[in-house]
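If you want the building blocks of each chain, they are given just below.
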Amino acid sequence: MTTPTNTGQPAPSKSSVRLTMLPDPPQIPDMAIQLPDIARALYTLQDHFLSRGDTVVMGNGYLCLDAGNVRGAPYPDLLVAFGMPAPAADIVASNGYTISEIGKPPDFVLEVASASTGRRDYTEKREIYSGYGVAEYWRFDRTGGQFHDAPLGGDSLLPNGSYQPIPVDTAEDGSTRGYSAVLGVELRWVAGVLRFWDPVTADYIPDLTEAKAERDAALDRVRELEAELRRERN
């Protein structure tokens, strides 16, 4: 999800914010296992927040305080940030999120569990993201807790800069859920799949496959209505 870049060159921008092009993060050995979960979450939240126009939803780029300290910085699987001073496409094209240049930390970070990064996700990275000022930090483990300390976990930032666990409940059907005040939706672990539940619509936010199916069904219905009108006119 990152793009080929030249380190140190400014990314093109349509705003007054000058973004530094960051290097490509290294690829972890089990990235292919994580990718379906990351992609599903990325496209679901991109579509959900599309109408806001001031939001960036991106994954697998560096998250750093400043471009000069990118070495050793994390590269979260997914982040969401609202109130962006630059177009989302420009931020994504810069290959990461530089807090000093954008002017604020991301509002939401998600890490998807893997064998190579799982333990660090729920230990070291909690300290890193709280130090960056990330309002909410979530973790998802499709295995149910083999790589993380729980199937689903979240933390919210307190005024003192430390994290407080977000309440997470397990339902009778085995699904696990917790509410993200930042996103205004519930994150749910459902049979090893990460889903987002919208309390406003009282339904799951459609993922890419579901959204396409809904679109196709609507187009089919439009075609049926058009055919009915033609028959009535004839």
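The notes below deal with the structure included here. Remember, predicted model here, so these are calculated numbers, not experimental data.

Calculation criteria
Residues numbered from 1 in each chain as written. Predicted model: local features only at pLDDT ≥ 70, side-chain atom pairs only at ≥ 80, totals over all residues. Heavy atoms only, no water. Salt bridge = Lys/Arg side-chain N within 4 Å of Asp/Glu carboxyl O. Helix = DSSP H or I, 4+ residues; strand = E, 2+ residues; numbered from the N terminus. Buried < 20%, exposed > 50% of the residue type's maximum accessible area, 1.4 Å probe, protein only. Pairing = 2+ DSSP bridges. Axes fitted to C-alpha atoms, helices over the stretch in contact; angles between N-to-C directions. Expected span 1.5 Å × (residues − 1). Bend = angle between axes of the 7 residues up to and from the residue. Contact = heavy atoms within 4.5 Å.

1. So, the pattern of salt bridges
Then comes step 1: Scanning all chains against the criterion turns up ten salt bridges.
Then comes step 2: Across the salt bridge formed by Arg-40 and Asp-207, the nearest N and O atoms sit 4.0 Å from each other. Separated by 167 residues along the polypeptide, Arg-40 in helix α1 (residues 31-48) and Asp-207 in the loop between β15 (203-204) and α6 (208-233) bring together distant segments of the chain.
Then comes step 3: With relative accessibility at 12%, the residue Asp-207 sits in the buried group.
Then comes step 4: With a closest N to O distance of 3.2 Å, Glu-111 and Lys-125 form a salt bridge. One end of the pair, Glu-111, is in strand β7 (residues 108-112); the other, Lys-125, is in helix α5 (residues 124-132), and 14 residues separate them in sequence.
Then comes step 5: Assessed through its relative accessible area of 2%, Glu-111 is described here as buried.
Then comes step 6: Connected through salt bridges with shared partners, the residues Asp-37, Arg-40 and Asp-207 form a single ionic network.

2. A few points about the sheet that holds strand β5 (residues 78-81)
Then comes step 1: In space, the six strands of this open sheet follow the order β3-β5-β7-β8-β9-β10, with mixed pairing throughout. Since the sheet does not close on itself, it has two edges, and those belong to β3 (56-58) and β10 (163-165), each with one partner. Each strand axis lies, on average, 15° off the axis of its neighbour in the sheet, ignoring direction.
Then comes step 2: Of the pairings in the sheet, the one linking strand β8 (residues 136-140) to strand β9 (residues 152-157) comprises five bridges and is antiparallel in character. Opposite Arg-139, over in β9, you have Gly-153 as the bridge partner.

3. Digging into α1
Then comes step 1: For α1, built from 18 residues, the straight-helix expectation of 26 Å at 1.5 Å per residue is met to within 8% by its first-to-last C-alpha distance of 25 Å.
Then comes step 2: At Asp-37, α1 shows its largest bend, some 25°.
Then comes step 3: If you check which residues of α1 are buried, you get Met-31, Gln-34, Asp-37, Ile-38, Ala-39, Ala-41, Leu-42, Thr-44 and Leu-45.
Then comes step 4: Where the residues of α1 are buried, they touch β3, β5, β7, β8 and β14 (193-198).

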